[in-house]
Amino acid sequence: MENKASTPLTVEDLWVEYQIERGVVKAVRGVSFSLARGESLALIGESGCGKTTLGVALIRLLVQAARISKGEITYWRGNQGIDVLSLKERELRRFRWRECAMVFQSALNAFNPVLRIWDQILDTAKAHGGMSKNQVRERALQLLEYVQLDPKRVIDAYPHELSGGMRQRVLLAMSLLLDPQVLILDEPTTALDILTQRTIIDLLRRLKKEIGFAMLFISHDLATAAELADRVATMYAGSIVEVGPVEDIFYRPAHPYTLGLIRAVPTVTGDFEDLISIPGAPPDLIDPPPGCKFHPRCPYATERCRVEEPKLETHYSETHSVACFNVQRVQQDTLDLQERYAKYAGGKAQ
Amino acid sequence: MNAGSGEYLIGARNLVRMFGSRRERVTAVEDVSFGIREGEVVCLVGESGCGKTTTGKMIAGLLKPTTGQVFYAGKSVWNPRGDRGEDFKKFRLGVQIIHQDPYASLNPSHTIYQIMSAPLLHHKLVANTHEALDRVIELLTTVGLSPVEDFLYKYPHQLSGGQRQRVSVARALTVNPRVIVADEAVSMVDVSIRVGLLNMMADLKRNLGVTYLFITHDLAVAKFFAWEGHIAVMYVGSIVEFASTPQLINNPLHPYSKALLAAVPEADPELTRSKARVELRSQDIPSLLALPSGCRFHPRCPYFEPGLCDVKRPELLPIGENRYVACHVAAREAGAVS
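Residues numbered from 1 in each chain as written. Chains lettered and ligands numbered in written order. Predicted model: local features only at pLDDT ≥ 70, side-chain atom pairs only at ≥ 80, totals over all residues. Heavy atoms only, no water.

Asks: Tell me what's going on with the nonpolar core, and back it up with residues and numbers.
Replies: The nonpolar side chains of soluble globular proteins are, as a tendency, buried together. One finds Val170(A), Phe250(A), Leu140(B), Met201(B) and Phe214(B) to be the most contacted residues of the largest nonpolar core, which totals 146 residues. It is helix α7 (residues 191–208) of chain B that provides the largest number of residues to this core, a total of nine residues. When near neighbours in sequence (up to four residues on either side) are disregarded, Met201(B) contacts Val169(B), Ala182(B), Ala185(B), Tyr212(B), Phe214(B) and Phe225(B). Core analysis: the next-biggest nonpolar cluster, separate from the first, contains 34 residues, Val28(A), Leu43(A), Val84(A) and Ile218(A) among them. (Core = buried A, V, L, I, M, F, W, Y, C linked by side-chain atoms within 4.5 Å. Buried < 20%, exposed > 50% of the residue type's maximum accessible area, 1.4 Å probe, protein only. Helix = DSSP H or I, 4+ residues; strand = E, 2+ residues; numbered from the N terminus. Contact = heavy atoms within 4.5 Å.)

Asks: Got a sec to walk through the interface of chain B and chain A? Specific residues and values, please.
Replies: At the junction of the two partners, chain B supplies 37 residues and chain A supplies 46 residues. Approximately 3,900 Å² of surface area, both sides summed, lies buried where chain B meets chain A, with 59% of it carried by carbon and sulfur atoms. Ranking the residues of chain B by area buried against chain A places Ser192(B), Ala267(B) and Glu270(B) at the top, with a combined share of 17%. At the junction of chain B with chain A, the criterion picks out two salt bridges. Between Asp268(B) and Arg340(A) there is a salt bridge, and its shortest N-O distance comes to 2.5 Å. Taken together, the connections running from chain B to chain A amount to 23 residue pairs in polar contact (both at pLDDT 80 or more). (Buried area = accessible area lost by both parts, 1.4 Å probe. Salt bridge = Lys/Arg side-chain N within 4 Å of Asp/Glu carboxyl O. Polar contact = N/O pair within 3.5 Å; in protein donor to acceptor, adjacent residues only side chain to side chain.)

Asks: Just give me the short version of the pattern of salt bridges, but keep the residues and values in it.
Replies: Inspection of every chain in the model, using the stated rule, returns 33 salt bridges over all chains. Between Glu227(A) and Arg198(A) there is a salt bridge whose closest N-O contact spans 2.8 Å. Remark: Arg198(A) occurs in helix α7 (residues 194–211) and Glu227(A) occurs in helix α8 (residues 222–228); sequence separation between them is 29 residues. As far as burial versus exposure is concerned, Glu227(A) and Arg198(A) are alike and both buried. Among the salt bridges present, the one from Glu30(B) reaches Arg313(B), with a minimum N-O distance of 3.4 Å. Linking Glu30(B) in strand β2 (residues 25–36) with Arg313(B) in the loop between α11 (269–273) and β11 (317–320), this pair joins segments that are 283 residues apart in sequence. Given a relative accessible area of 33%, Arg313(B) falls into the partly exposed group. Put simply, Arg198(A), Asp202(A), Arg205(A), Glu227(A) and Arg277(B) are held in one network by salt bridges that share partners.

Asks: For the domain arrangement of chain B, give the residues involved together with the corresponding values.
Replies: Residues and elements named next belong to chain B. Taken domain by domain, chain B comprises domain 1 (10–251) and domain 2 (252–338). Computed from C-alpha atoms alone, the centre-to-centre distance between domain 1 and domain 2 is 28 Å. In this assembly, 26 residues from domain 1 lie in contact with 22 residues from domain 2. Carbon and sulfur atoms make up 57% of the surface buried where domain 1 meets domain 2, a total of about 2,300 Å² over both sides. For the pair domain 1 and domain 2, the interface holds 13 residue pairs in polar contact (both at pLDDT 80 or more). Elements that contribute at least two residues to the side of domain 1 that touches domain 2 include exactly β2, β9 (230–235), β10 (238–244) and α9 (245–250). When residues in the side of domain 1 that touches domain 2 are grouped by element, the largest group, six residues, is from β10. When grouped by side-chain class, the residues that make up the side of domain 1 that touches domain 2 number twelve nonpolar, eight polar and six charged. (Domains from an automatic or database assignment. Nonpolar A, V, L, I, M, F, W, Y, C, P; charged D, E, K, R; others polar.)

Asks: I'd love a proper account of the domain arrangement of chain A, names of residues and values included.
Replies: Residue and element names in this part refer to chain A. Each domain of chain A was delimited in the assignment, giving domain 1 (9–229) and domain 2 (239–349). Put simply, the middle of domain 1 and the middle of domain 2, counted by C-alpha atoms, are 28 Å apart. Contact with domain 1, which involves 21 residues of that partner, is made by 15 residues of domain 2. By the criterion of area lost to domain 2, the three top residues of domain 1 are Arg29, Glu46 and Leu222, representing 39% of everything that side buries. In this assembly, domain 1 and domain 2 are joined by two salt bridges. There are four residue pairs in polar contact (both at pLDDT 80 or more) connecting domain 1 and domain 2. Within the residue set of the side of domain 1 that touches domain 2, elements represented by two or more residues are β2 (23–35), β3 (40–44) and α8. Per element, the largest residue contribution to the side of domain 1 that touches domain 2 is nine residues, and it comes from β2. Considered class by class, the residues forming the side of domain 1 that touches domain 2 number 13 nonpolar, four polar and four charged.

Asks: Describe helix α2 (residues 89–98) of chain A, listing the residues and the values that go with them.
Replies: Residues and elements named next belong to chain A. Buried within α2 are the following residues: Leu92, Phe95, Arg96 and Trp97. Angular distribution of buried residues about the axis of α2 spans 170°; they occupy a single face of the element. Among the structural elements, α1 (51–58), β4 (66–77), β6 (100–103), α3 (117–128) and α6 (164–175) are those in contact with the buried residues of α2. (Arc of directions from axis to C-beta.)

Asks: With reference to specific residues and values, describe the packing of aromatic side chains.
Replies: Taken as a whole and judged by the stated rule, the model has 17 aromatic pairs over all chains. Between Tyr212(B) and Phe225(B) the ring centres are 5.1 Å apart and the planes differ by 85°, which places this aromatic pair in the edge-to-face class. Taken together, the positions of Tyr212(B) in strand β8 (residues 211–216) and Phe225(B) in helix α8 (residues 219–225) put the pair 13 residues apart, joining distant regions of the chain. As far as the burial class goes, Tyr212(B) and Phe225(B) line up, both buried. Positioned above the aromatic ring of Trp118(A) is the side chain of Arg137(A), whose terminal nitrogen or guanidinium carbon lies 4.9 Å from the ring centre. Taking the ring centre of Tyr146(A) as reference, the NZ or CZ of Arg206(A) above it sits at 4.5 Å. (Phe/Tyr/Trp six-rings, centres within 6.5 Å; stacked < 30°, edge-to-face > 60°. Lys NZ or Arg CZ within 6 Å of the ring centre and 35° of its normal.)

What follows is the structure, given as structure tokens:
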């Protein structure tokens, strides 16, 4: 296998399905991407687009009704690749948390309410790794301090004694327990208030800079992505429809859906802007429309979009890919965004 | 603000609401006063637990204030003994509320037609079921649920979150309200659907003259929906700043408003990463059971002046045309006299 030490995670053509009464839900359809060391990739999309399913599939924690029907997930440590889909249950345990930890959406529900924080940390350490109790304690205190909590107080507290922001920080500290290379964060700031959200965002940015793990964060919130991401991938109906550097995605989006999202979200400061909504609703993933899954809602759709599904292809540069036949026309409508960027970039140069 | 004057369609004067037992009481809303003119939007913004929903429920008549008054069309809603005033029914019909969770606020065992026709028939706003059906069709069209036939006989679970929220709005409209209290009405709706919903609600203002009390934690949504109206920022039970939306967004005066605006992430990478920060002295939100003395914000406030802010509670003082701030320092700088 080739050396991919700088790329701790690669995903190739991943498909995930849910078997439900009404049929088969194709929740993730042919997703490929890779995550570089020290990089943060934001996976943005609306509810039901498959982003959480994808995240959970990466550590193989899918519910019983779900099945990975195709694809490859590989974690790389040095020259060694770990093929996640072929791991047995026991190997999986060692791999989860050690190679890749996940912080789940609701910090309020992620803890066992009758256990002290220390017991939960110890449980996690026991389940996944070979540290002694003392080592775990020392590491836990260190990490709690690192996430700006009072370690002595927090470690013996019950979850209900901590605020939402504190719990989120404990979860982050716990996820770092075994020094994973990859951290998956599912809506890390969604349930939090503005000022708390700000402290978590600043903390995540610091962690990333100082520890240098790769971060995949799943969010429906464009603002969090704009804050934290180096790269952004837009998901729609189970597929990545556009992926690129954060500036490309926000200032020269090439997919109509990405553009639609950007046009639908106001900035807080600055003058009033008119917003444009995306008509229609996301498709039924049991019986999705033929061709491009976005075509029923897309103002740029042509006959071709109705019959043929566009593939993710590079655009502008090696790092920016988009799955759309009408990129040129979409681009013509982003001139105002490009101007906005030019203004900032110009300001920077001075 | 004299909320009881004819100038305002609906308003609050010194509203207080406490919860709990005699032994342990919390004051969820503490001395809130404001007024909304007919056809105007006032946004209540603030973090969870600041009392914005409690205030909204009092304005809609769903909660009785512990003390203080709610005024509707110049009259007090509760009479001096704390009973329902003579025009209470008119008030309740005139002020409707839209709740946050469209999954919980529609009866799951009733069809959309049943949900919508019940208030029409109950209040005898229509003569018979034929008229009710016509009116339901008209209202569903107003809120953009067309073709109407696709929705009339569906159950709430068959609709998406955005569609349900439209039904909630349509249901509120059945009784021809003059005021709608929208409590986080778009928070649970996806981004791509949200703007459509907000635009539809703004059309009701334009076309039917609906007045809104719009409650949200999302400053971007407040800005978009209330650009021509006002924003009231709440902190631990009180309004700390009241200003026209452009003023509040671009020139906030209260340190808490400043902190919020500086902290909120923007959907624009360059803008959000270059924003100036406001450093607070503490991250802890005070417990309602142990409120700080003086100004409730003083333990966190960067402007904190010992001997003043921790002793004396700032009043909401007028500092300009329909603009108010409750901060000793900001009011002094703006030249207000208490």
